[in-house]
Amino acid sequence: MKKQITIIGNGFASLFFIGYFLSIPAFPIIAYFFRRIYSRYDITVIGDGKFIYFPAIPEFLTKKRNKADITIDIRPFLRRRNIRFIEDGVVDIQDGGRIVITHDGEYRNDYLFIGIGPAFKKDDIPGTREYTYSPCYGPDDMDVFVKKLESLSAGIIYIGYKINRMDGFVAGRPGPMYECACLLDYALRERGVRNNFEIHFFSPDRSPGEKGAITDRLLERGIILDDGYEPTEFLDGGMTDKDGKFRKADLVLYSPAITGPLLVQKSCLPMSIGGHIDVDKYGQVKGLPHVFAAGDCANHENPPPWVPHQAHMAQLRASAAAKNMKAILNGKRSTNLYRQELSCILDMEDDAMWLHRSEDGRPPFRNIFPRHSKNLIFVKEAFEQIFLFYLRYL
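Since we're looking at a predicted model, the values are computed, not measured. (Residues numbered from 1 in each chain as written. Predicted model: local features only at pLDDT ≥ 70, side-chain atom pairs only at ≥ 80, totals over all residues. Heavy atoms only, no water.)

(A) Quick peek at the pairing of strand β11 (residues 155–161). Of all seven residues in β11, seven are buried; the element is thus mostly enclosed. Side chains of β11 alternate between two faces, with G155, I157, I159 and Y161 and I156, Y158 and G160 buried alike. Strand direction decides the pairing type here: β11 and strand β12 (residues 197–203), joined by six bridges, are parallel. Across the sheet, residue Y158 finds its bridge partner in β12, namely H200. Assessed by its sense of winding, the connection that carries the chain from β11 through helix α7 (residues 174–191) to β12 is right-handed. In terms of strand pairing, β11 meets strand β17 (residues 251–255) through five bridges, oriented parallel. Bridging from a neighbouring strand, Y158 pairs with V252 of β17. (Buried < 20%, exposed > 50% of the residue type's maximum accessible area, 1.4 Å probe, protein only. Helix = DSSP H or I, 4+ residues; strand = E, 2+ residues; numbered from the N terminus. Pairing = 2+ DSSP bridges. Right-handed = clockwise from strand over helix to strand, strands pointing away.)

(B) Spatial organisation of the pattern of salt bridges. Within the structure shown, the criterion is met by 30 salt bridges. The closest approach of N and O atoms between D241 and R247, which form a salt bridge, is 3.2 Å. A relative accessible area of 21% places R247 in the partly exposed class. If you follow the salt bridges from partner to partner, you end up with R217, E220, R221 and D350 in one network. (Salt bridge = Lys/Arg side-chain N within 4 Å of Asp/Glu carboxyl O.)

(C) Examining the sheet that holds β11 more closely. Reading across from one edge, β13-β12-β11-β17 is the order of the four strands in this open sheet, with parallel pairing throughout. The two strands at the open ends of the sheet, each matched to only one other strand, are β13 (224–227) and β17. Ignoring strand direction, the axes of neighbouring strands in this sheet form an average angle of 15°. (Axes fitted to C-alpha atoms, helices over the stretch in contact; angles between N-to-C directions.)

Here is the structure:
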């Protein structure tokens, strides 16, 4: 009898997991017939059916991208692989991961992979929900911010982030916020109104006087650094400090710290100190041998303090989880580890930097690309287009 494998979510982690788990030809016609003729597994994906390429959302500020450009109906991709899709939301996981309960039913499985996104800690600072926007919430939220920005001819704009470090790694979104700050500066210069605006960058996770390449890029653009600052409350038209002082802000772009989704707290899944699904170094959920997780919903085991949640790490972790699940299905043990690595290209429109750090010191692509060059924008766009082409047509 075929093993029943359920995958929750259709974001980066889940799609990478599918690619590494199936290990079948990439071309859709071959894959479609191959899986119908011979398959050891019945695979079901539960999600909303829409994949959003989140790394491109900051580019809404320069009008290079919009929601339609980065949103893909993932159902044809799954049909080409003979994977069943259920459009629904998961509300609980029971029986050690064997039962997945959705709004409209429940589904049994032999093996489970969880690749859902995080929850943002919007209640850490009162007023976050009501008075701030974030590219990390999705394209709709960013669209609202851009429209409000276009209605201003002058003003004060604050951009910032906060990190949840309880699990020892960077559970937050610094990268997109740095990119937004630089792209906002560029967009205002293109409009010819940059001198009418103050742009402030703040984070309680930056030390006052912090040095480095990113800091240099912000200072080059006349962005005011409020390092170490955290408001006590966001209000209409600004924010308050811990001493009660009011700071005026016409718009606030802010990414709160992230944690595991509410599902983790309600289900049978073990939870880390920081609120994520507690997984081991093989991507296996602790105490649940047939359950794996990767991506923003899960923590890292014994991580270096700089390792982030990002799409690239979701790929590395999903690869290890897929290989280890296949090993267990074949009666073997989990042996595949994943590399701890931070790697992304910071697009500033008129400049770019490759931010990279890995636990083994290995450079990206054997250092064939420069670390600081406007040409890196074309490299970043190429990665994006290749991945989206793969989802749309292969």
